[in-house]
Amino acid sequence: DPRIPSGAATKIYSEWMRSAFDGWADWILVGEVDGKTAGSALWRVALPAEGENSPGVAYCDMVVVDPEFQGSGLGTALMSHGMGVARDVAGYLVGPVHVCNYSIQRTLQKVGYKIFGARQSFHKWLEPDAK
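Residues numbered from 1 in each chain as written. Predicted model: local features only at pLDDT ≥ 70, side-chain atom pairs only at ≥ 80, totals over all residues. Heavy atoms only, no water.

**Side note on the overall build of the chain**
- Helix and strand counts for the chain come out as four helices and four strands.
- Taken from N to C terminus, the helices and strands of the chain fall in the order α-β-β-α-β-α-β-α.
- Roughly 9400 Å² of accessible area belongs to the chain as shown, and the carbon and sulfur atoms make up 55% of that amount. (Helix = DSSP H or I, 4+ residues; strand = E, 2+ residues; numbered from the N terminus. Areas by Shrake-Rupley, 256 points an atom, 1.4 Å probe, with all protein chains shown as cover.)

**Structural notes on the pairing of strand S1 (residues 27-33)**
- Bridge analysis of S1 against strand S2 (residues 36-45) gives seven bridges, and the strand direction is antiparallel. Opposite Leu29, over in S2, you have Ala41 as the bridge partner.
- Once S1 ends, the chain turns through two residues before running back antiparallel as S2, passing Asp34 with a positive phi of about 50°. (Pairing = 2+ DSSP bridges.)

**Quick notes on helix H4 (residues 102-110)**
- If you check which residues of H4 are buried, you get Ile104, Gln105, Thr107 and Leu108. Angularly, the buried residues of H4 cover 160° about the axis, an arc narrow enough to put them on a single face. In H4, the exposed positions angled more than 90 degrees off the buried face are occupied by Tyr102, Arg106 and Lys110.
- Close packing links the buried residues of H4 with strand S3 (57-65) and helix H3 (74-86). (Buried < 20%, exposed > 50% of the residue type's maximum accessible area, 1.4 Å probe, protein only. Arc of directions from axis to C-beta. Contact = heavy atoms within 4.5 Å.)

**Description of unusual backbone geometry**
- Of note in the backbone geometry, Asp34 takes a positive phi value of approximately 50° without being a glycine.
- On the secondary structure map, Asp34 appears in the loop between S1 and S2.

**Points about the nonpolar core**
- Core analysis: the biggest nonpolar cluster contains 19 residues, and Trp27, Leu29, Trp43, Met79 and Tyr113 have the highest contact counts within it.
- When residues in this core are grouped by element, the largest group, five residues, is from H3.
- If we ignore the near neighbours within four places in the chain, the residues touching Tyr113 are Trp43, Cys60, Met79, Met83, Leu93, Val94, Gly95 and Leu108. (Core = buried A, V, L, I, M, F, W, Y, C linked by side-chain atoms within 4.5 Å.)

**With respect to the confidence of the model for the chain**
- A residue-level look at the chain finds 84% of positions with pLDDT of 70 or above and a mean pLDDT of 84.
- Across the chain, the element-wise mean pLDDT spans from 70 in helix H2 (residues 48-51) up to 95 in S1. (pLDDT = per-residue confidence, 0-100.)

**Let's talk about H3**
- In this model H3 runs 18 Å from its N-terminal to its C-terminal C-alpha over 13 residues, within 8% of the 18 Å that 1.5 Å per residue would give.
- Residues of H3 that are buried: Leu74, Gly75, Leu78, Met79, Gly82, Met83 and Ala86.
- Looking at the buried positions of H3, the neighbouring elements they touch are S1, S2, S3, strand S4 (92-94) and H4. (Expected span 1.5 Å × (residues − 1).)

**Here's the deal with the pairing of S2**
- Across the ten residues of S2, seven count as buried, placing the element largely inside the fold.
- Bridging between S2 and S3 involves seven bridges; their strand directions are antiparallel. Within S3, the position partnered with Trp43 by the bridge is Cys60.

Below is the structure:
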């Protein structure tokens, strides 16, 4: 089965979020509804290794909306606000998205993103004690 197991995916995204709060992201937007955290978006400027080939680029690397609030427009609001912040640091935005993630593709298109290309991504899990 080529899919990432759901438990592993949860760990990966949790680590990604933790890393963002540890300084990897340049700005993090948090959406609240009635005092409850309902979603977030992780944004960054190009990393030094990327910047050489991508000057003036900002990335929205993750938008997450709690299932209870999906379809409410929160994802679109997080994207729109993040784009406003990005205007001060970048001239070009990139939103890397898996080919099969139609939900975020629709959100990106609502705020003006255009599909530029598509690629497949392959993952190989290595056992930590494999010899």
